Amino acid sequence: MKSRWIAAGCLVLSCALVFAADGGWLRKVPDADRKRVNPYAGSADAAAAGRVLFDENCAKCHGEDALGRHGRPSLRSERVIHATDGELAWLLRNGSTWKGMPSWSSLPEPERWQIITYLRSLQRESMSSTH
Amino acid sequence: MAWPEFCSRRRGGARKVVPARRAIDNKSSSDLFGRGFGLCLLILLLQWLAPARSAQAQEPPYFVTYSQALEEPGNLEVAMKGLTASPKDANAFFSPTLELEYGAKAWWTTEVYLQGQATANDSTIFTGFRWENRFRVLPGEHWINPVLYLEYEDVSAADKSILEVVGHDSISDLQLNNAESRGEVERELEGKLILSSNVKGWNFSENFISEKNVKNEPWEFGYAVAASRPLTLVAGKRPCVFCRQNFTAGAELYGGLATAHDFGLDATSHYAGPAVNFNLPHGPTLGFSPQFGLNDNSAGVLWRFKVSYEIQQVRDWFRRGGAR
């Protein structure tokens, strides 16, 4: 009887983890943050600066090519491509600490926008290479 | 130790200054200065040995005050914090502290300290170790972010690292010679409530410190507050070394708040000073801070410096498929 309860508990926990790993953070983003506009959107200089910041702060987990490594998510995934700049800015500021993504609020906000600008340039590269 | 005896030991005026003498087991103090320098070199060499590129940890430049910044999960930071001072009526000393800080989770950082000191005309000794843990309490970013800090320390009374000031810690603690003070080992539990905010590039941090000797001694209290800001909030488009984005400047203030029996500022010591961090891109972080004693119970000036190096994603080394 006891082992059944343990098995049921494991099942519930597994389901919770599966659902939690599907970008649940997106549902937490307030509307006001979701609609924020990247002040550097499309700027080549900001993308270049973002690349420097990405190499120093993000590449260790997400890989230098942003495709993810050791189970950490790719930043060229559909989910990230379809997320708004405001949603990505919210994630960088707040992190998702229970899933392993730390808060990057210690980086000044303009630098976080520069990173997002760089990510968008990567995604554009990926899309143009596939077409 | 009985309470009155403890109290008189802690209060600055109650203890006679003992002239430092050369201990039987001494080594020259330059020996430890040399070892500290060697340790710095070792940390600098890590960037050659460590296969992963080092990180630019965006940590504030504080030496005593803690902010909300935790180690990134999987990273190991090796740091050497040094302090040197020449207090009034005491011999000059140098106190190195080796720190090993690991990001266990995004919300939990654990750290071990190994400490020693060398006092001029006295001896070079190992003074003990500390094990600390910091837990981020709330997910997400808030106006004020609380972090809980728990530490166990096993250090001798000869410790001169001044990693925090609590109770009636004062300049007289620095005036005993090593032979006299090293035998008294203090095993203490320390808790801190760390409150920290990041606002428009500024970091503001406040720490409330309580410490309890596992023996029957009263709770001791202290505080630390600090603020800092990078010299620029926008990164340049090219990697650079001596550009403003790699420097963070700030200031901190800390001191004791006596004990549960006599809470307040009476017979306590306090320090304040500027602090600066220099993050070498893909290299170590260097920190420096002169801190000035604010009353007669404090040492005149504490010169602090720090060299730290972050080894990225150490845990990947133990995963199938290799580290990099």
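Scoring rules and cut-offs
- Residues numbered from 1 in each chain as written.
- Chains lettered and ligands numbered in written order.
- Predicted model: local features only at pLDDT ≥ 70, side-chain atom pairs only at ≥ 80, totals over all residues.
- Helix = DSSP H or I, 4+ residues; strand = E, 2+ residues; numbered from the N terminus.
- Buried ≥ 20, exposed ≤ 12 C-beta atoms within 10 Å, placed from the backbone.
- Contact = placed C-beta atoms within 7 Å.
- Nonpolar A, V, L, I, M, F, W, Y, C, P; charged D, E, K, R; others polar.
- Expected span 1.5 Å × (residues − 1).
- Pairing = 2+ DSSP bridges.
- Axes fitted to C-alpha atoms, helices over the stretch in contact; angles between N-to-C directions.
- Core = buried A, V, L, I, M, F, W, Y, C linked by C-beta atoms within 7 Å.

Visitor: Help me understand the overall build of chain A in this model?
Guide: Tallying secondary structure elements over chain A gives seven helices and zero strands in all. Buried positions account for 39% of the 131 residues belonging to chain A. Of the contacts made within chain A by residues no fewer than 6 positions apart, 68% connect residues no fewer than 24 positions apart.

Visitor: Would you mind showing me how to read the interface of chain A and chain B here?
Guide: Many authors give the size of an interface as the accessible area that is lost as the parts come together. Chain A puts 26 residues into the contact, and the matching count from chain B is 29 residues. Going through the elements one at a time, α3 (44-57), α4 (59-62), α6 (85-94) and α7 (109-130) of chain A are the ones with two or more residues in the side of chain A that touches chain B. Sort the elements by how many residues they give to the side of chain A that touches chain B and α3 of chain A lands first, with seven residues. Grouping the amino acids of the side of chain A that touches chain B by side-chain chemistry returns 11 nonpolar, 10 polar and five charged.

Visitor: Any chance you could explain the environment of E211 of chain B here in plain terms?
Guide: Residues and elements named next belong to chain B. Mapped onto the fold, E211 is located in strand β7 (residues 202-213). Classification of E211 as buried rests on a count of 23 C-beta atoms within 10 Å. Distance in space between the C-alpha atoms of E211 and G167 is 8.4 Å, their sequence separation being 44 residues. What E211 contacts, discounting residues up to four positions off in sequence, is V166, E188, E190 and E220.

Visitor: Teacher, can you tell me more about α3 of chain A here?
Guide: Within an α-helix, residues lying three or four positions from one another point in the same direction, as the helix has 3.6 residues per turn. All names here are of chain A. Its 14 residues place the ends of α3 20 Å apart at the C-alpha level, agreeing with the 20 Å of an ideal helix rising 1.5 Å per residue. Among the 14 residues in α3, 10 count as buried, and that is most of the element. When we look at burial in α3, the residues that qualify are A46, A47, A49, G50, R51, V52, L53, F54, E56 and N57.

Visitor: For this particular structure, what's the right way to read unusual backbone geometry?
Guide: Despite not being glycine, A66 of chain A has its phi angle at roughly 65°, a positive value. Within the secondary structure layout, A66 of chain A lies in the loop between α4 and α5 (78-82). For A66 of chain A, a count of 21 C-beta atoms within 10 Å puts it in the buried group. Of note, the phi angle at N121 of chain B is positive, near 60°, even though the residue is not glycine. Inspection of the secondary structure assignment puts N121 of chain B in the loop between β3 (108-119) and β4 (124-136). A tally of 15 C-beta atoms within 10 Å means that N121 of chain B is categorised as partly exposed.

Visitor: Hey, could you run me through the sheet that holds strand β9 (residues 247-259) of chain B in this one?
Guide: Sheets are built from strands that pair by backbone hydrogen bonding, the pairs being arranged parallel or antiparallel. All names here are of chain B. In spatial order, the strands read β1-β2-β3-β4-β5-β6-β7-β8-β9-β10-β11-β12; together these 12 strands close into a barrel with antiparallel pairing. Neighbour to neighbour, the strand axes of the sheet diverge by 20° on average, direction disregarded. The sheet contact formed by β7 and strand β8 (residues 220-230) spans nine bridges and is antiparallel. Each bridged residue has a counterpart across the sheet, and for I209 the counterpart in β8 is G222.

Visitor: Teacher, can you tell me more about the pairing of strand β11 (residues 285-293) of chain B here?
Guide: One face of the sheet, then the other: side chains in a regular strand alternate in exactly this way. Residues and elements named next belong to chain B. Of the two faces of β11, only one is covered, namely that formed by T285, G287, S289, Q291 and G293; the face formed by L286, F288, P290 and F292 stays uncovered. Of the pairings in the sheet, the one linking strand β10 (residues 270-279) to β11 comprises six bridges and is antiparallel in character. Across the sheet, F278 pairs through a bridge with L286, a residue of β11. Summarising the sheet, β11 and strand β12 (residues 301-311) pair through eight bridges and their orientation is antiparallel.

Visitor: Would you mind showing me how to read the nonpolar core here?
Guide: Taken as a class, soluble globular proteins show a tendency for nonpolar side chains to be buried jointly. Membership of the largest hydrophobic core comes to 29 residues, with the highest contact counts inside it found for L88, I115 and L119 of chain A. Listing elements by their share of this core, those giving two or more residues are α3, α6 and α7 of chain A. Once residues within four sequence positions are removed from consideration, I115 of chain A is found in contact with G50, L53, F54, C58 and L92 of chain A. Counting residues in each nonpolar core, the second largest holds 23 residues, with A85, I162, V165 and A299 of chain B among its members.

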